[in-house]
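Overview (structure and organization)
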There are 2 protein chains.
Amino acid sequence: MKLGEGVEAAIHCAATLASVEGNSTMPGAALAEAFGLSPSYLLKHLNTLTAARILESVPGPAGGYRLARAAERITLLDIVLAVEGREPAFRCGEIRRNGPVKIDASAYVRPCGINAAMMKAERAYRAALAEVKVSDMVATYAAEGDPRSIAATCAFVERHQRPQKSGSTKQIQNPKQM
Amino acid sequence: MKLGEGVEAAIHCAATLASVEGNSTMPGAALAEAFGLSPSYLLKHLNTLTAARILESVPGPAGGYRLARAAERITLLDIVLAVEGREPAFRCGEIRRNGPVKIDASAYVRPCGINAAMMKAERAYRAALAEVKVSDMVATYAAEGDPRSIAATCAFVERHQRPQKSGSTKQIQNPKQM
């Protein structure tokens, strides 16, 4: 079982965008620079997050990305499902029906116990991811991050964020201010 | 995130082998037939389970596979880790260090909060899988499976199991006897 590398990039980007001021945006190129990633690689994931309405993309020369809603309302589960897809990790192929003796479909009305057990574990995984908000990630970083790293992150955000004219209801959450 | 199809096959095979009598074995070809799978495809997974000491492979014309220990001592987690590998699904690439400002490694002594949150969810997933034993799967099948399906499975096991001369401590767990 493996999650794509895009999950790490997507969560870090969301946490960074949670730190921009007001309704400012940050260009994809700056987010790529912040984590040493290829801009074209990251763009794919930023577009996926935008399609999932986790990010908003503002076009134009002063445009970029910002959170589509408050960081308190975006969970790690939202991001993982956006990047990896909503299908469960375990996909029951109903191989129990493939044996040499063909039995009427009415014998398989109840779900396979193996599938049920695997789905129960997956629900536990998803519940744990749903408990963690992007705002929690920023708060953890503010509380536990090294001051040198926090100072560099805040300076980077201040240098690359692009204030917008139009209003936004997104709350500001700057690790330096917590 | 996706688990390989081998997980479903591996769990079904382990549950089937939990139903053979005493220290009997079942050939890989019969297990493949039981689930309509390609024998060469299934062999790969049976060998993986054998290498992980979940199954035992008995060589020779009367050989085959059997559980390496009692079904009560094999969990779904054992099987998933054997088939999929023991690495976590989320693999932290420490991209937090890749930004434009290079900061001394001493700033990253504490694990990344994002990695910690992802690992917490993975522990919940693994804990749920570790709670379910192969014997539970057999018991669920015996309690909830359709009588036609159970009868066909038991007849298949009785037809294909191969009694062995050497002793085994594995407990018998036949769904027909539960």
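Residues numbered from 1 in each chain as written. Chains lettered and ligands numbered in written order. Predicted model: local features only at pLDDT ≥ 70, side-chain atom pairs only at ≥ 80, totals over all residues. Heavy atoms only, no water.

Observations regarding the pairing of strand 1 (residues 55–58) of chain A
All names here are of chain A. The criterion, for reference: In this description, strands pair whenever DSSP reports at least two bridges between them. Strands here are runs of E lasting at least two residues and helices are runs of H or I lasting at least four, both read from the DSSP assignment and numbered beginning at the N terminus.
Where strand 1 and strand 2 (residues 64–67) come together, four bridges link them in antiparallel fashion. Within strand 2, the residue paired with Leu 55 across the bridge is Leu 67. In sequence, strand 1 turns back onto strand 2 through a hairpin of five residues, with Gly 60 there showing a positive phi of about 100°.

Observations regarding helix 6 (residues 134–144) of chain A
Basically, it comes down to this: Exposure is judged per residue with a 1.4 Å probe applied to protein chains only, and the accessible area is read against the type maximum: over 50% gives exposed, under 20% gives buried, and values in between give partly exposed. As used here, the arc belongs to the directions running from the helix axis to the C-beta atoms.
Those residues of helix 6 of chain A that fall on the buried side of the exposure criterion are A:Val134, A:Ser135, A:Met137 and A:Val138. All buried residues of helix 6 of chain A lie within an arc of 160° about the axis, which places them on one face of the element.

A look at the interface of chain B and chain A
A common way to express how large an interface is: the accessible area buried when the components associate. The condition is simple: In what follows, a contact means two residues having at least one pair of non-hydrogen atoms within 4.5 Å. Computed with a 1.4 Å rolling probe, the buried area is the accessible surface lost when two parts are put together, summed over both parts. Salt bridge, as used here, is a side-chain nitrogen of Lys or Arg placed within 4 Å of a carboxyl oxygen of Asp or Glu. Polar contacts, as used here, are pairs of N or O atoms within 3.5 Å; protein pairs need one atom able to donate a hydrogen and one able to accept it. Residues neighboring in sequence count only if both atoms are side-chain atoms.
On the chain A side, the residues contacting the 56 residues of chain B number 56 residues. Around 4900 Å² of area is buried between chain B and chain A when both sides are counted, 69% of it from carbon and sulfur atoms. The largest per-residue losses of area from chain B upon contact with chain A belong to B:Met1, B:Glu8 and B:Ile95, which jointly make up 17% of the total buried on that side. In this structure, B:Glu144 engages A:Arg110 in a salt bridge whose closest nitrogen and oxygen atoms are separated by 3.9 Å. On the surface where chain B and chain A come into contact, there are 13 residue pairs in polar contact (both at pLDDT 80 or more). Of all the secondary-structure elements, those providing two or more residues to the side of chain B that touches chain A are helix 1 (6–17), helix 2 (28–34), helix 4 (76–84), helix 5 (113–130), helix 6 (134–144) and helix 7 (147–160) of chain B. Sort the elements by how many residues they give to the side of chain B that touches chain A and helix 5 of chain B lands first, with 10 residues.

Section: the relation of the copies chain B and chain A
Keep this limit in mind: The copies were overlaid by least squares, fitting only the C-alpha atoms of residues that reach a pLDDT of 70 or more in each copy.
With an RMSD of 0.0 Å, chain B superimposes on chain A once it is rotated by 180° and translated 0.0 Å along the axis. Taken together, the rotation and translation relating the two chain copies correspond to the operation of a two-fold axis. Minimal C-alpha separation from the rotation axis in chain B is found for B:Tyr125, amounting to 2.4 Å. Interface residue correspondence from chain B to chain A reaches 100%, placing this contact among same-surface, isologous pairings.

Considering the confidence of the model for chain A
Defined as follows: The pLDDT value tells you how sure the predictor is about a given residue, anywhere from 0 up to 100.
Confidence in the prediction of chain A, expressed as mean pLDDT, is 92, and 93% of residues score 70 or more. Here the complex is predicted with pTM 0.90, and the ipTM for its interfaces comes to 0.91.

Quick notes on helix 1 (residues 6–17) of chain A
Residue and element names in this part refer to chain A. Note the threshold: Helix span is expected to be 1.5 Å times the residue number reduced by one.
Across its 12 residues, helix 1 extends 16 Å between first and last C-alpha, which sits within 8% of the 16 Å expected from 1.5 Å per residue. Counting buried residues in helix 1 gives 12 out of 12 residues, a clear majority hidden from the surface. Those residues of helix 1 lying buried are Gly 6, Val 7, Glu 8, Ala 9, Ala 10, Ile 11, His 12, Cys 13, Ala 14, Ala 15, Thr 16 and Leu 17.

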